[in-house]
Amino acid sequence: MNDIQHNISSIKQRMERAAANSGRDPESVRLLLAVKTVAAEKITSAFAGKRLLLGENKVQELRQKYDYLSVIDAEFHFIGHLQTNKVKDVLKFADCIQSVDRISLMEKLDQRLQHEGRSADVMLQVNTSYEESKFGVSPERAIQLAREMSKYDTLRVKGLMTIGLFSAETEKVRQCFRLLKKLELQIKELGLPNFDLRELSMGMSHDFETAIEEGATIVRVGTAIFGDRIYPDSYYWNENKDVK
Ligand SMILES: *Cc1c(COP(=O)(O)O)cnc(C)c1O
């Protein structure tokens, strides 16, 4: 077992413990490896014969690593801010786009998918921390945006995604995850067409256990597995922030 596989197995142990502590089935939570800036060779070394769930933030990085990663069995989720001019490429490589957060993007995705004659799995990203630096629809507008989203037959909405507040105060972070769970229940009640909510993608290296306690089905972990990144996260989250 190499270092990365070792890190993964200790994260998985912590995930199982968090699930068990909150009375949940450990099998109900998946680990997504957040691999932004991580070299393809390092990602393949994470592969221990079992299908990996990988998350990329930039379409260009996804495209660059994609061929190399075809040697391993992996499912790719797009978790970064998606610019409308990258829609065609992201649909080529991603199995699910977790970061859909505005109508202009839904329209572009729908146009492209209609052109290709198919549908795609997506999630709705909600900004539960209200931090300016983060993308996602505000919690107040989430229900309305979900209604709009349900009109696009090409978008199969599989879940909700959020980035929790960056804070050492666990209870404040927990409120973000609780809010996402609450929105999930409210949206489910509406019985919207094209909505089949089964995933709550929430929790990262520093807060995944709290997220699991609040119902996460996918936790997205990077640093705790691959080590520190050289770029600040703002490089991925603020860049070219466009109008929603
Ligand atoms: C980078 C990133 C993660 C993982 O963050 P870590 O703190 O490195 O675990 C999760 N989600 C998103 C959207 C990210 O950009």
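Nothing here was measured: the structure is a model prediction, and the numbers come from that model.

Visitor: Would you mind showing me how to read the site of the ligand here?
Guide: In the region of the ligand, 13 residues are neighbours, and Lys-36, Asn-57, Ser-205, Thr-223 and Arg-229 sit closest. Within the side chain of Lys-36, a nitrogen or oxygen atom sits 2.6 Å from an oxygen atom of the ligand. Between an oxygen atom of the ligand and a main-chain N or O atom of Gly-222, the distance comes to 2.8 Å. In isolation the ligand has 380 Å² of accessible area, and contact with the protein removes 98% of it. Considering only residue class, the shell around the ligand consists of 6 nonpolar, 4 polar and 3 charged.

Visitor: Looking at this structure, how should I read the layout of surface pockets?
Guide: A water-sized probe rolled over the atoms picks out the places where empty space is left. The calculated volume of the largest pocket comes to roughly 700 Å³. The wall of the largest pocket is formed by 20 residues, among which Ile-8, Lys-12, Leu-31, Lys-50 and Arg-51 lie closest to the centre. Among the elements that make up the lining of the largest pocket, the one with the highest residue count is helix H1 (residues 3–21) (6 residues). Class assignment for the residues of the lining of the largest pocket results in 11 nonpolar, 2 polar and 7 charged.

Visitor: What is the right way to look at the environment of Gly-191 in this model?
Guide: Looking at the secondary structure, you find Gly-191 in the loop between helix H7 (170–190) and strand E7 (195–201). Looking at Gly-191, the relative accessible area reads 56%, which means it is exposed. Considered as a pair, Gly-191 and Ser-150 are 41 residues apart in the sequence and their alpha carbons are 9.8 Å apart.

Visitor: Is there a simple way to explain the packing of aromatic side chains in this structure?
Guide: Two measures describe an aromatic ring pair: the distance that separates the ring centres and the angle between the ring planes. Counting across every chain of the model gives 2 aromatic pairs. Each ring, one from Tyr-66 and one from Phe-93, has its centre 4.8 Å from the other, and the planes form 55°; the classification is tilted. Taken together, the positions of Tyr-66 in helix H3 (residues 59–66) and Phe-93 in helix H4 (residues 87–93) put the pair 27 residues apart, joining distant regions of the chain. Of the residues examined, Tyr-66 reaches a relative accessible area of 26% and is grouped as partly exposed. Members of the aromatic cluster, joined through ring pairs, are Tyr-66, Phe-76 and Phe-93. The positively charged end of Lys-134 is found above the aromatic ring belonging to Phe-166, 4.1 Å away from the centroid.

Visitor: What should I look at first to understand the pairing of E7 in this one?
Guide: Regular strands have side chains that alternate between both faces of the sheet. Counting buried positions along E7 gives 5 out of 7 residues, so the element sits mostly inside the fold. Pairing between strand E6 (residues 155–162) and E7: 4 bridges, direction parallel. Within E7, the residue paired with Gly-159 across the bridge is Glu-199. The parallel pair E6 and E7, bridged by H7, forms a crossover whose chirality is right-handed.

Visitor: Would you mind going over the pattern of salt bridges with me for this structure?
Guide: For side chains bearing opposite charge, pairing can occur when the charged atoms are close. Summed over all chains, the structure comprises 24 salt bridges. Close ionic contact of Asp-89 with Lys-92 constitutes a salt bridge, the shortest N to O distance being 3.2 Å. Highlighted residues: Asp-89 and Lys-92, both in helix H4, separated by 3 residues, approximately one helical turn. Arg-156 is the partner of Asp-121 in a salt bridge, and the nearest nitrogen-oxygen pair spans 2.8 Å. Of the two residues, Asp-121 is situated in strand E5 (residues 120–126) and Arg-156 in strand E6; the sequence distance between them amounts to 35 residues. In this structure Arg-156 comes out as partly exposed when scored by relative accessible area, which is 36%. One continuous salt-bridge network, built from bridges that share partners, spans Arg-30, Arg-51, Asp-73, Glu-75 and Glu-199.

Scoring rules and cut-offs
Residues numbered from 1 in each chain as written. Predicted model: local features only at pLDDT ≥ 70, side-chain atom pairs only at ≥ 80, totals over all residues. Heavy atoms only, no water. Near = heavy atom within 4 Å. Polar contact = N/O pair within 3.5 Å; in protein donor to acceptor, adjacent residues only side chain to side chain. Areas by Shrake-Rupley, 256 points an atom, 1.4 Å probe, with all protein chains shown as cover. Nonpolar A, V, L, I, M, F, W, Y, C, P; charged D, E, K, R; others polar. 1 Å grid on protein atoms, 1.4 Å probe; cavity = no way out; pocket = protein on both sides within 12 Å on 5 of 7 lines; lining within 4 Å. Points joined across faces, edges and corners; volume = space filled by probe spheres on them. Helix = DSSP H or I, 4+ residues; strand = E, 2+ residues; numbered from the N terminus. Buried < 20%, exposed > 50% of the residue type's maximum accessible area, 1.4 Å probe, protein only. Phe/Tyr/Trp six-rings, centres within 6.5 Å; stacked < 30°, edge-to-face > 60°. Lys NZ or Arg CZ within 6 Å of the ring centre and 35° of its normal. Pairing = 2+ DSSP bridges. Right-handed = clockwise from strand over helix to strand, strands pointing away. Salt bridge = Lys/Arg side-chain N within 4 Å of Asp/Glu carboxyl O.

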